[in-house]
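Chain residues, written in single-letter form:
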Amino acid sequence: MSAPHGQAVSFRQDSLRVPDGADLYYQVRGDGAPGMVLCDGLGCDGFAWKYLLPYLGRRHRVLRWHYRGHGKSTVPTDRTRIGMAYTCDDLARVMDAAQMDKAVLFGHSMGVQVALEFHRRYSRRVEGLVLVCGSYGMPLDTFHDSTLLKRLFPTLRAAVERFPRHTARIVHGALTTELVVQLAIRLEMNPALIARNDLAPYFTHLARMDPVVFVRTLDSLANHTAEDHLEHVDVPTLVVAGEKDRFPPGWLSRKMAERIPSSELLMISEGTHTAPLEVPGLVELRVERFLRERLGVETAEVPPKVG
């Protein structure tokens, strides 16, 4: 049973030690079927779900977790064991720990690749997919519709691996300045829609993150693709994208939606890579409709606030 609106929602958090020594943080909020799993973007610890998480948690059991070296999760004893090859197995173990056999997977940015790859490997555990502002693979090939970052990345990674402490100091100093936050809002987001306090937690987390973990995770993403799996996705799927997103350009989301059988696409005309924060009400309403019409889930008791 789900908690009536206005009453306290159940919540617990824990950490799971996996065989190679990493401690994976997870939290479970709310009750009710089907369960929901939120998969973050690279360098994120949940900021993109600020509005969608409590909305879903009113009527569903929602699992939120942190990847290796992200947020409250630690790195394994062997620090080379980072990246997509381990992420799906980590998610399966976390779902087991949360006693969640099957779920609707939500992925934002990198989380889209995670959700698609998880469906490839553990399809029986996936009831549906909500793929938000992400690519099916090899994101450096299309970042800002250019291959520049792909060409520069090997040099950047080598520098970070060789000088990790210096890199950490430089990154921390840059990301903790208000100028960087404001530049990101003006250059990459929609300043008319995004609130500074909604984006700031991302920079706070990124400033604390081990840069070696970041580049190793990014390297695994850069060499991973689920494009060949799109036609085999056999669960209801909703693709959400921002027309003005330049991290993965909007055309990639259109292509992904076209390739996944019977998928649906919500293209937000003024949205960017942080569309769930820019127009939370619109995203919530579309997710609610998707869950109701495609998965037979009851509608929310109280309509979400649009805007």
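Up top is the structure.
Now for a look at the structure at hand. Keep in mind it's a predicted model, so treat the numbers as computed, not measured. (Residues numbered from 1 in each chain as written. Predicted model: local features only at pLDDT ≥ 70, side-chain atom pairs only at ≥ 80, totals over all residues. Heavy atoms only, no water.)

**Digging into the packing of helix α2 (residues 84–97) against helix α3 (residues 110–121)**
Packed helix pairs are specified by the crossing angle of their axes together with the interaxial distance, meaning the distance between the axes.
Next up, step 1: With their axes 10 Å apart at the nearest point, α2 and α3 run at an angle of 75 degrees to one another. It follows from the interaxial angle that α2 and α3 lie roughly perpendicular. Seen from α2, the contacting residues are Met84, Ala85, Thr87, Cys88, Leu91, Ala92 and Met95; seen from α3, they are Gln113, Val114, Glu117, Phe118 and Arg121. (Axes fitted to C-alpha atoms, helices over the stretch in contact; angles between N-to-C directions. Helix = DSSP H or I, 4+ residues; strand = E, 2+ residues; numbered from the N terminus. Parallel < 35°, antiparallel > 145°, perpendicular 65-115°, else oblique. Contact = heavy atoms within 4.5 Å.)

**Quick word on the side chain of histidine 205**
Next up, step 1: Tracing the backbone shows histidine 205 in helix α7 (residues 196–208).
Next up, step 2: Judged by its relative accessible area of 4%, histidine 205 is buried.
Next up, step 3: A polar contact of 2.7 Å, which involves the side chain of histidine 205, links it to the backbone oxygen of glycine 43.
Next up, step 4: Leave out the neighbours within four places in its chain, and histidine 205 touches Gly43, Cys44, Asp45, His70 and Gly71. (Buried < 20%, exposed > 50% of the residue type's maximum accessible area, 1.4 Å probe, protein only. Polar contact = N/O pair within 3.5 Å; in protein donor to acceptor, adjacent residues only side chain to side chain.)

**Notes on the nonpolar core**
Next up, step 1: Core analysis: the largest hydrophobic core is formed by 48 residues, its most contacted members being Val37, Leu63, Leu105, Leu116, Leu129, Leu131 and Met256.
Next up, step 2: Listed in part, the 24 residues of the second largest apolar core include Met36, Leu53, Leu56 and Ala275. (Core = buried A, V, L, I, M, F, W, Y, C linked by side-chain atoms within 4.5 Å.)

**Topic: the pattern of salt bridges**
When charged atoms on two side chains of opposite charge get close, those side chains can pair.
Next up, step 1: What the rule picks out here adds up to 27 salt bridges.
Next up, step 2: As a salt-bridge pair, arginine 157 and glutamate 161 come within 3.2 Å of each other at their nearest N and O atoms. Here arginine 157 pairs with glutamate 161, and both are found in helix α4 (residues 148–162), just four residues apart, close to one helical turn.
Next up, step 3: Looking at arginine 157, the relative accessible area reads 23%, which means it is partly exposed.
Next up, step 4: Note that arginine 216 and glutamate 161 form a salt bridge whose closest N and O atoms lie 2.9 Å from each other. With a gap of 55 residues between them, arginine 216 in helix α8 (residues 211–222) and glutamate 161 in helix α4 connect regions that are remote in the sequence.
Next up, step 5: For arginine 216, a relative accessible area of 18% gives the class buried.
Next up, step 6: With a relative accessible area of 27%, glutamate 161 lands in the partly exposed category. (Salt bridge = Lys/Arg side-chain N within 4 Å of Asp/Glu carboxyl O.)

**Quick notes on the layout of surface pockets**
Next up, step 1: The space that makes up the largest pocket amounts to roughly 1200 Å³.
Next up, step 2: Of all the secondary-structure elements, those providing two or more residues to the lining of the largest pocket are α3, α4, α5 (164–175), α6 (178–188), α7 and α8.
Next up, step 3: Here the element with the most residues in the lining of the largest pocket is α8; it accounts for five residues.
Next up, step 4: Of the residues assigned to the lining of the largest pocket, the class counts are 30 nonpolar, eight polar and two charged. (1 Å grid on protein atoms, 1.4 Å probe; cavity = no way out; pocket = protein on both sides within 12 Å on 5 of 7 lines; lining within 4 Å. Points joined across faces, edges and corners; volume = space filled by probe spheres on them. Nonpolar A, V, L, I, M, F, W, Y, C, P; charged D, E, K, R; others polar.)

**Quick look at the sheet that holds strand β4 (residues 62–65)**
Next up, step 1: Overall, mixed pairing links the eight strands, which are arranged β1-β2-β4-β3-β5-β6-β7-β8 in an open sheet. The open sheet has two edge strands, β1 (11–17) and β8 (264–268), and neither has a second partner. Shown here is a sheet whose adjacent strand axes are inclined to one another by a mean of 20 degrees, direction ignored.
Next up, step 2: In this structure, β1 lies alongside strand β2 (residues 23–29), joined through seven bridges in antiparallel fashion. For arginine 17, the partnering residue across the bridge sits in β2 and is aspartate 23. (Pairing = 2+ DSSP bridges.)

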